[in-house]
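Fold and contact review
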Amino acid sequence: MSTAQPHVPDVSIEDRLYTVKYRDAGESHLGVENPDVCADCTTNECTSVCPAAVWTVDPDGDGVPSIAYENCLECGTCRYGCPYDNVEWTYPKTGGGVVFKQG
Ligand code: SF4
Ligand code: SF4
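Below is a summary of the structure that appears in this document.

About the cut-offs
- Residues numbered from 1 in each chain as written.
- Chains lettered and ligands numbered in written order.
- Predicted model: local features only at pLDDT ≥ 70, side-chain atom pairs only at ≥ 80, totals over all residues.
- Heavy atoms only, no water.
- Helix = DSSP H or I, 4+ residues; strand = E, 2+ residues; numbered from the N terminus.
- Rg over C-alpha atoms; globule rule 2.2 N^0.38 Å.
- Buried < 20%, exposed > 50% of the residue type's maximum accessible area, 1.4 Å probe, protein only.
- Contact = heavy atoms within 4.5 Å.

Turning our eyes to something else, we now look at the overall build of the protein chain. Per the secondary structure count, the protein chain includes four helices and six strands. Going from N to C terminus, the protein chain has its helices and strands arranged as α-β-β-α-α-β-β-α-β-β. Taking 103 residues into account, the globule formula puts the C-alpha radius of gyration at 13 Å, and the protein chain, at 16 Å, lies well above it. In terms of its C-alpha atoms, the protein chain occupies a principal-axis envelope of roughly 55 × 35 × 25 Å. A total of 103 residues make up the protein chain; the buried ones form 28% of that total. For the protein chain, the share of sequence-separated contacts (at least 6 apart) that also reach a separation of at least 24 residues comes to 67%.

Any functional reading would require information beyond the geometric quantities listed.
If you want it as structure tokens, here you go:
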């Protein structure tokens, strides 16, 4: 039986993300339902499940995540990663959003 492995190019995740473009719809398609829930959240799963580091929580802040929606890949993982079902998630307005290209 063959044990050949698929060829995986030696390209960093940062370089791969650099090829992804985002058409800014002018407003965030992501948010939190209730900031008070975030303020009491100690685990901040939204920051660890996102592959594009969209969600960040300032350790000296109020606990509510900052959301760099312009980096979003629209994978939807944060919707399910938040244990409190506190993520507001919609697709960007028509014409906006992520643009994937190969190469
Ligand atoms: S969105 Fe969810 S996981 Fe992220 S800080 Fe708020 S409650 Fe916690
Ligand atoms: S949809 Fe995916 S890429 Fe976008 S913020 Fe959520 S986890 Fe990150």
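Let's pick the thread back up.
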